[in-house]
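So the chains spell out like this:
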Amino acid sequence: MNLEDKIQFYLSEEAYAIVQSVGKLSSNLDKPVYLVGGAVRDILLGRQSVDLDFVTEGSGIKLAETVCQELGGELTTHDRFGTAVWTPPADLFSETVDFITARTEIYPSPASLPQVTPSSIQDDLFRRDFAINAMAVRLDQPHFGQLLDPYKGTLDLDQKKIQILHDQSFDDDPTRMFRAARYAGRLGFELTQATRSALQQSRPNLAHLSADRVRHELEKLLGERFPTPMLELLQQWQVFESLPANLTLTDLQRIALTRLDGCLSIDPGRTAAQNSSIEELRLAIWLLHTQLLDTSAVDVADELNCTADFKRDLERVLNVIQQGLKMDDFRPGTVEKLLRGFTATQLLLLQAHQATPAALKVQIPTYFNTWRLIKTTADGNTLRQIGVRPGPIYQKILDQLLADKLNGEFESDAAESERLTQLIDQLGPQNKKDAS
Ligand code: CTP
């Protein structure tokens, strides 16, 4: 089968230009080169693909260097694996591109790093996760566009099947279980019976995965458009209970994930989505509903080796919910004081949390868009000029003044000024320099 037309149709203009250049430059080196993996699968499915992975039967590093010399950009090489990652100039292509020396892989023990040996394209395809990802399109001349499908990936695409290429596939790399869930969910495919059994057999190997690898896979999954069905599959396959982290998937968590998505289109969600990645936000809301209102969310985040910033977000949100649950005054001034200093991400998580009091939840968008930005006319300098002795009393007076302003108690600057005088008299007469 020749896919020349389909490649041109389904790749972006920029990606197609790179594919053509790589083919031409590899022809000059007299080495076969192939587009492999997800891009081939997506082209055959008639889906847009942005991911470019090239495999050559020559040196992947040499080819990458040639491409980089010709087209510019930057290169990172990994001699041990014979691979290079090329970052093209920004005006050429916005994604990084992988160059790989065709290789076989031997895994000394489950979930370990493989020992690699240069080899043929057939062997390189055989080391891959699933038949649907083990196809290649040749790009050097005069073979441009020829499909190589030694493991019948096209048949699996037709039958909507996900199947591994050999029985040890999940032992070699247990992260493939997450990948299987992603492809099944994304494409609406099913695992073959043999693949399901191999996955079950290999489940104990999940315990060998490092926290970083588990988190990375979860983040990739949570970055998908509709991650919940993928999480359901992982649960169905009992993946969570085999992991070295106490992950669960309850109705509370499913609903929270949906609620989070609903909160993303209005502020503070919109701003949070610009500051944090969708996968981080989803992971946070998922963990926050591990047990309603206890610190197990932070424990799981620890088990997943999440960053200190991420854990601080969870802690702050849980903390403010606890405070909110004890409050009966939700006037703007009180809400402003409670939420002061919260980031858009923390506010979004608070808004999407099941336990946040409804009276607080409804105020969050207004707090973010309005109250947060309102200032009192007076500040520390004003108090100093009036002669109030500097100290904690400054904060007390200005906080109360701001709360009164937010609660709509002044109709004019003069009224605000009058209230300031009152507050100084009430809260800090002994602190006035001329009072002694
Ligand atoms: N691969 C694999 N086993 C893994 C990771 C990757 O066999 N654990 C192979 C697959 O052939 C895959 C290719 O490497 O197609 C590229 O990996 P990646 O970019 O992660 O996957 P894509 O197929 O491009 O998937 P996606 O569409 O989700 O990016």
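Residues numbered from 1 in each chain as written. Predicted model: local features only at pLDDT ≥ 70, side-chain atom pairs only at ≥ 80, totals over all residues. Heavy atoms only, no water.

**Student:** Quick question: what am I supposed to make of the site of the ligand here?
**Tutor:** As a matter of local geometry, the ligand sits amid 16 residues, with Asp51, Asp129, Asp173, Arg182 and Arg186 nearest to it. Between the ligand and Arg128 there is a distance of 3.0 Å, counted from an oxygen atom to a side-chain nitrogen or oxygen. Here a nitrogen atom of the ligand and a side-chain polar atom of Asp173 are 2.7 Å apart. Considered on its own, the ligand offers 570 Å² of accessible surface; in the complex 77% of this is hidden by protein. More than half of the atoms of the ligand fall within 2 Å of the grid points belonging to the largest pocket. (Near = heavy atom within 4 Å. Polar contact = N/O pair within 3.5 Å; in protein donor to acceptor, adjacent residues only side chain to side chain. Areas by Shrake-Rupley, 256 points an atom, 1.4 Å probe, with all protein chains shown as cover. 1 Å grid on protein atoms, 1.4 Å probe; cavity = no way out; pocket = protein on both sides within 12 Å on 5 of 7 lines; lining within 4 Å. Sits in = over half its atoms within 2 Å of the grid points.)

**Student:** Explanation requested: the pattern of salt bridges in the structure shown.
**Tutor:** As a working rule, side chains carrying opposite charge can pair if their charged atoms are close by. Summed over the entire model, instances satisfying the criterion amount to 25 salt bridges. Two residues, Asp309 and Arg312, come together in a salt bridge whose shortest N-O distance is 3.6 Å. With a gap of three residues between them, Asp309 and Arg312 both fall in helix α16 (residues 308–325), about one helical turn apart. Ionic pairing is found between Arg312 and Asp313, a salt bridge with its closest N-O pair at 3.6 Å. A relative accessible area of 14% places Asp313 in the buried class. (Salt bridge = Lys/Arg side-chain N within 4 Å of Asp/Glu carboxyl O. Helix = DSSP H or I, 4+ residues; strand = E, 2+ residues; numbered from the N terminus. Buried < 20%, exposed > 50% of the residue type's maximum accessible area, 1.4 Å probe, protein only.)

**Student:** Please explain the domain arrangement of the protein chain as it appears in this structure.
**Tutor:** The extent of an interface is frequently quoted as the accessible surface area lost upon association of the parts. Here the domain parsing of the protein chain yields domain 1 (4–159), domain 2 (160–244), domain 3 (246–372) and domain 4 (380–431). Averaged C-alpha coordinates put domain 1 and domain 2 at centres separated by 23 Å. Across the boundary between the two partners, domain 1 contributes 22 residues, which contact 24 residues of domain 2. Contact with domain 2 buries surface across domain 1, with Ala111, Asp129 and Phe130 losing the most and accounting together for 31% of the total. Joining domain 1 to domain 2, the criterion identifies one salt bridge. Where Arg179 meets Asp129, a salt bridge forms, and the shortest distance between an N and an O atom there is 2.7 Å. At the junction of domain 1 and domain 2, the tally comes to ten residue pairs in polar contact (both at pLDDT 80 or more). (Domains from an automatic or database assignment. Contact = heavy atoms within 4.5 Å. Buried area = accessible area lost by both parts, 1.4 Å probe.)

**Student:** Looking at this model, I keep getting lost on the sheet that holds strand β9 (residues 147–148). Mind explaining?
**Tutor:** In a beta sheet, neighbouring strands pair by backbone hydrogen bonds and run either parallel or antiparallel. As summarised here, the arrangement of the seven strands in space is β3-β4-β5-β2-β1-β8-β9, forming an open sheet in which the pairing is mixed. In the strand order of this sheet, the two ends are held by β3 (74–78) and β9, each with one partner. The pairing of strand β8 (residues 136–138) with β9 spans two bridges and is antiparallel. The partner of Ala136 across the bridge, within β9, is Leu148. Most of the contacts of helix α2 (residues 13–28) go to strand β2 (residues 52–56), to which it runs at about 10 degrees, and overall it touches β1 (33–36), β2, β4 (83–87) and β5 (97–101). Along the sheet, helix α3 (residues 38–45) makes contact with β1, β8 and β9, crossing β1 at roughly 65 degrees. (Pairing = 2+ DSSP bridges. Axes fitted to C-alpha atoms, helices over the stretch in contact; angles between N-to-C directions.)

**Student:** Quick question: what am I supposed to make of the layout of surface pockets here?
**Tutor:** One water molecule sets the probe size; rolling that probe over the atoms shows where empty space is left. Considered as a void within the structure, the largest pocket measures approximately 1600 Å³ in volume. Lining the largest pocket we find 43 residues, and of these Asp53, Asp98, Arg128, Arg179 and Lys220 sit closest to its centre. Contributions of two or more residues to the lining of the largest pocket are made by α3, β2, β4, β5, β6 (103–106), α8 (176–187) and α10 (211–222). The leading source of residues in the lining of the largest pocket is α8, at five residues. Grouping the constituent residues of the lining of the largest pocket by class yields eleven nonpolar, eleven polar and 21 charged. The two domains that each donate at least three residues to the lining of the largest pocket are domain 1 (4–159) and domain 2 (160–244). The volume enclosed by the second largest pocket comes to roughly 180 Å³. Lining of the second largest pocket is provided by 13 residues; of these, Arg340, Ile374, Lys375, Thr376 and Leu402 occupy positions nearest its centre. Sorting elements by how many residues they give to the lining of the second largest pocket places helix α22 (residues 392–406) first, with four residues. (Points joined across faces, edges and corners; volume = space filled by probe spheres on them. Nonpolar A, V, L, I, M, F, W, Y, C, P; charged D, E, K, R; others polar.)

**Student:** Would you mind showing me how to read α3 here?
**Tutor:** Each α-helix turn comprises 3.6 residues. Residues three or four places apart therefore point the same way. Burial runs high along α3: seven of the eight residues are buried. For α3, the set of buried residues is Gly38, Ala39, Val40, Arg41, Asp42, Ile43 and Leu44. Where α3 ends, the next residue or the one after it, Gly46, has phi of about 75 degrees, a positive value.

**Student:** Got a minute to help me understand the side chain of Ser296 in this structure?
**Tutor:** Among the structural elements, Ser296 can be located in helix α15 (residues 296–303). Judged by its relative accessible area of 15%, Ser296 is buried.

**Student:** Sorry if this is basic, but what is going on with the pairing of β3 here?
**Tutor:** Bridge count between β3 and β4: five bridges; the pairing is antiparallel. The residue of β4 that forms the bridge with Glu74 is Thr87. From the end of β3 to the start of β4, which pair antiparallel, there are four residues, and Gly82 there has a positive phi angle of about 65 degrees.

**Student:** Is there a simple way to explain the packing of aromatic side chains in this structure?
**Tutor:** Given two aromatic rings, their pairing is described by the distance between the two centres and the angle made by the two planes. All told, the structure shown has eight aromatic pairs when counted by the stated rule. By way of ring pairs, the aromatic residues Phe54, Trp86 and Phe99 are connected into one cluster. In this structure, Arg182 is placed above the aromatic ring of Tyr183, and the distance from its NZ or CZ to the ring centre is 5.5 Å. Above the ring of Phe368, the side-chain terminus of Arg372 is found at 4.0 Å from the ring centroid. (Phe/Tyr/Trp six-rings, centres within 6.5 Å; stacked < 30°, edge-to-face > 60°. Lys NZ or Arg CZ within 6 Å of the ring centre and 35° of its normal.)

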